[in-house]
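Now for the letters of each chain:
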Amino acid sequence: SAIGQAINVQTTDSAGNPLSIDKIIENISINKKAKWLVIVDNVDEVFQDFYAAINIFLRKGAFVVVTSRRSDIETGKHIFLNDLKDDDAWKFVRSSLGEIPSHELIVELCKSLQNYPLALQQAVAYITFNQGTEKEDYGIQEYLHELNLGNSKVLDHKIPLTGYNQTILRVF
């Protein structure tokens, strides 16, 4: 509603009831000749009017980008993102951990998690969380040990302060 007001788009009917997403999109007045981009980010669940909304945007001339880890969403061309390059993954882990782990341990962690950014971020969050508890000496080696034992809690640790609640365990 606040976004609708900010861009001068009606989001409620005359009685103050919320409009459906397709009605809100219909209220967006865009010059058909203008080029515009709509990004529907982090689609983890397809809401009731999802496909109708996408089609309305497309009919209004928008270029639509939908981001999701789900491959079953049928919106057009799928572009799969690659993992991080070895050097970038190493730099991310190194800069994220306050301790100074060995180069070899960081490489092993990155390889174990296939350089996937979300997996690496979760690993760093899990290691950091454990260092703040009674496991002060917890580090990459301990994480890898738990991972190799098949301890699913290392893959199910939520990343703090991101508002993102999906974990590697749920994504894959």
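Bear in mind that the values here come from a model prediction, so they are computed numbers and not experimental data.

1. Focus on the overall build of the protein chain
Then, number 1: Scanning the protein chain from N- to C-terminus turns up eight helices and two strands.
Then, number 2: What you see in the protein chain, going N to C, is helices and strands ordered as α-α-β-α-β-α-α-α-α-α.
Then, number 3: Within the protein chain, the fraction of its 172 residues that count as buried is 30%.
Then, number 4: Considering only contacts within the protein chain whose residues lie at least 6 apart along the sequence, 56% involve residues at least 24 apart.
Then, number 5: Surface exposure of the protein chain reaches about 11,600 Å², of which carbon and sulfur atoms provide 53%.

2. Concerning the nonpolar core
Then, number 1: Core analysis: the biggest nonpolar cluster contains 19 residues, and V93, L109, L113, L120, I140 and Y143 have the highest contact counts within it.
Then, number 2: Contributions of two or more residues to this core are made by α4 (86-96), α5 (103-112), α6 (117-131) and α7 (140-148).
Then, number 3: Of all hydrophobic cores here, the second largest spans 16 residues; its members include W36, V38, V43 and I54.

3. Digging into the packing of α4 against α6
Then, number 1: The contact between α4 and α6 brings their axes to 10 Å, and the two run at 20°. By the angle between their axes, α4 is roughly parallel relative to α6. The two elements α4 and α6 meet at a crossing, and its hand is right-handed. Residues A89, F92, V93 and S96 of α4 touch α6, and the partners they reach there are L120, Q121 and V124.

4. Section: α6
Then, number 1: Spanning 15 residues, α6 covers 21 Å between terminal C-alpha atoms, matching the ideal 21 Å at 1.5 Å per step.
Then, number 2: Among all positions in α6, only L118, A119, L120, Q122, A123, V124, A125, Y126, I127 and N130 are buried.

5. Quick look at the packing of aromatic side chains
Then, number 1: Per the counting criterion, the structure on display carries four aromatic pairs.
Then, number 2: Arranged with centres 5.0 Å apart and planes meeting at 80°, the rings of F50 and Y51 form a pair that is edge-to-face.
Then, number 3: An angle of 65° between the planes, with centres 5.9 Å apart, marks the rings of Y126 and Y143 as edge-to-face. A residue pair is termed long-range when its members are at least 10 positions apart, and Y126 in helix α6 and Y143 in helix α7 qualify at 17 residues. Per residue, the accessibility class of Y126 equals that of Y143, and both read buried.
Then, number 4: Of the aromatic side chains, those joined through ring pairs into one cluster are Y126, Y138 and Y143.

6. Considerations on unusual backbone geometry
Then, number 1: A positive phi is found at Q114, a non-glycine position, where the angle reads about 55°.
Then, number 2: Following the sequence through the fold, Q114 ends up in the loop between α5 and α6.
Then, number 3: The class for Q114 is partly exposed, based on a relative accessible area of 45%.
Then, number 4: Backbone geometry at N115 places phi at a positive 60°, although glycine is not the residue there.
Then, number 5: Its location among the elements puts N115 in the loop between α5 and α6.

What counts and what doesn't
Residues numbered from 1 in each chain as written. Predicted model: local features only at pLDDT ≥ 70, side-chain atom pairs only at ≥ 80, totals over all residues. Heavy atoms only, no water. Helix = DSSP H or I, 4+ residues; strand = E, 2+ residues; numbered from the N terminus. Buried < 20%, exposed > 50% of the residue type's maximum accessible area, 1.4 Å probe, protein only. Contact = heavy atoms within 4.5 Å. Areas by Shrake-Rupley, 256 points an atom, 1.4 Å probe, with all protein chains shown as cover. Core = buried A, V, L, I, M, F, W, Y, C linked by side-chain atoms within 4.5 Å. Axes fitted to C-alpha atoms, helices over the stretch in contact; angles between N-to-C directions. Parallel < 35°, antiparallel > 145°, perpendicular 65-115°, else oblique. Left-handed = near helix turned anticlockwise from the far one by under 90°. Expected span 1.5 Å × (residues − 1). Phe/Tyr/Trp six-rings, centres within 6.5 Å; stacked < 30°, edge-to-face > 60°.

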